[in-house]
Amino acid sequence: KDISIGQHQLVLSRDGFVDKSVLLNIVADTTVKVDEMLTQMLGSVLIKSTPAGAKVWFDGDYKGITNVAGLKISGITLGEHTVKYEKEKFDKYEQKITIKYKETSEINPTLQEMPGSVYITSTPKGAKIYLDGTYRGITPYKISEVSAGSHEITLSLDGYNDWSKQVEIHGLETALFPSVDME
């Protein structure tokens, strides 16, 4: 297209790139070549997890392990991305995140510890087992799929005093009470 002689402002733009303005000096019967590089719009993300120590994949690529300060990834194209977490004894976690230009997005999910179990025997055998007040079986017995955290175990047997104890359950571990003496 013919452009009038003189100075003109040319704006170069493309989705995902920073617009660039170029001042052109148009001279009669001359072709002006414009050779400019556009800068890609990028953002970053600070990835944390509670607890720390989770392996992180960003859009399917392994990026490292979270720590208290977080795992920073820079130079990310704009738009939606997928972050996956894995930590031993915790459920896998996946989250979508939207990256914006010149911003550092931050994510810090609380990972859920996998359930554990409790194995209890008693002397004599046959004591009723209660977990947090709910009947679960008779000794000897293994209670499976116990949520991680603090729980109260109570054993009850006619003619004996009840026995109670707080127990801390951790993911994929079995808390053992190999021989509770009923008194």
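Being a predicted model, the structure only gives us computed values, none of them experimental.

**Student:** Before we move on, could you go through the sheet that holds strand 16 (residues 174-181) and cite the residues and values that matter?
**Tutor:** Taken in spatial order, the three strands make up an open sheet running 13-10-16, and their pairing is mixed. The open sheet terminates on both sides in strands that have one partner only, identified here as strand 13 (141-146) and strand 16. Within the sheet, the average angular offset between the axes of one strand and its neighbour, ignoring direction, is 15°. The pairing of strand 10 (residues 116-123) with strand 16 spans six bridges and is classified as parallel. Paired with Ser122 across the bridge in strand 16 is Val180.

**Student:** Which residues make up the pattern of salt bridges, and what are the values?
**Tutor:** Per the stated rule, a full pass over the model turns up five salt bridges. Residues Lys20 and Glu36 are paired through a salt bridge, measuring 2.9 Å at the closest nitrogen-oxygen approach. Of this pair, Lys20 sits in strand 2 (residues 20-26) while Glu36 sits in the loop between strand 2 and strand 3 (42-47), placing them 16 residues apart in sequence. According to the relative accessible area criterion, Lys20 is partly exposed, its value standing at 30%.

**Student:** Mind laying out the packing of aromatic side chains, listing which residues take part and the relevant values?
**Tutor:** The description of an aromatic ring pair uses the distance of the two centres, along with the angle that the planes make with each other. Taken as a whole and judged by the stated rule, the model has four aromatic pairs. With 5.8 Å between their ring centres and 65° between their planes, Tyr130 and Tyr135 make a pair best called edge-to-face. Judged by relative accessible area, Tyr130 falls into the partly exposed class, the value being 25%.

**Student:** So what's going on with the pairing of strand 11 (residues 128-131)? Which residues, and what values?
**Tutor:** Where burial is concerned, the two faces of strand 11 differ: the one with Ile129 and Leu131 is buried and the one with Lys128 and Tyr130 is not. Here four bridges tie strand 11 to strand 12 (residues 134-138), and the two strands are oriented antiparallel to one another. By the bridge assignment, Leu131 is partnered in strand 12 with Thr134. In this antiparallel pair of consecutive strands, strand 11 and strand 12, the connection spans two residues, and Asp132 shows a positive phi of 50°. Where strand 11 meets strand 14 (residues 149-156), four bridges bridge the pair, whose relative direction is antiparallel. From the neighbouring strand, Ile129 faces strand 14, where its bridge partner is Leu155.

What counts and how
Residues numbered from 1 in each chain as written. Predicted model: local features only at pLDDT ≥ 70, side-chain atom pairs only at ≥ 80, totals over all residues. Heavy atoms only, no water. Pairing = 2+ DSSP bridges. Helix = DSSP H or I, 4+ residues; strand = E, 2+ residues; numbered from the N terminus. Axes fitted to C-alpha atoms, helices over the stretch in contact; angles between N-to-C directions. Salt bridge = Lys/Arg side-chain N within 4 Å of Asp/Glu carboxyl O. Buried < 20%, exposed > 50% of the residue type's maximum accessible area, 1.4 Å probe, protein only. Phe/Tyr/Trp six-rings, centres within 6.5 Å; stacked < 30°, edge-to-face > 60°.

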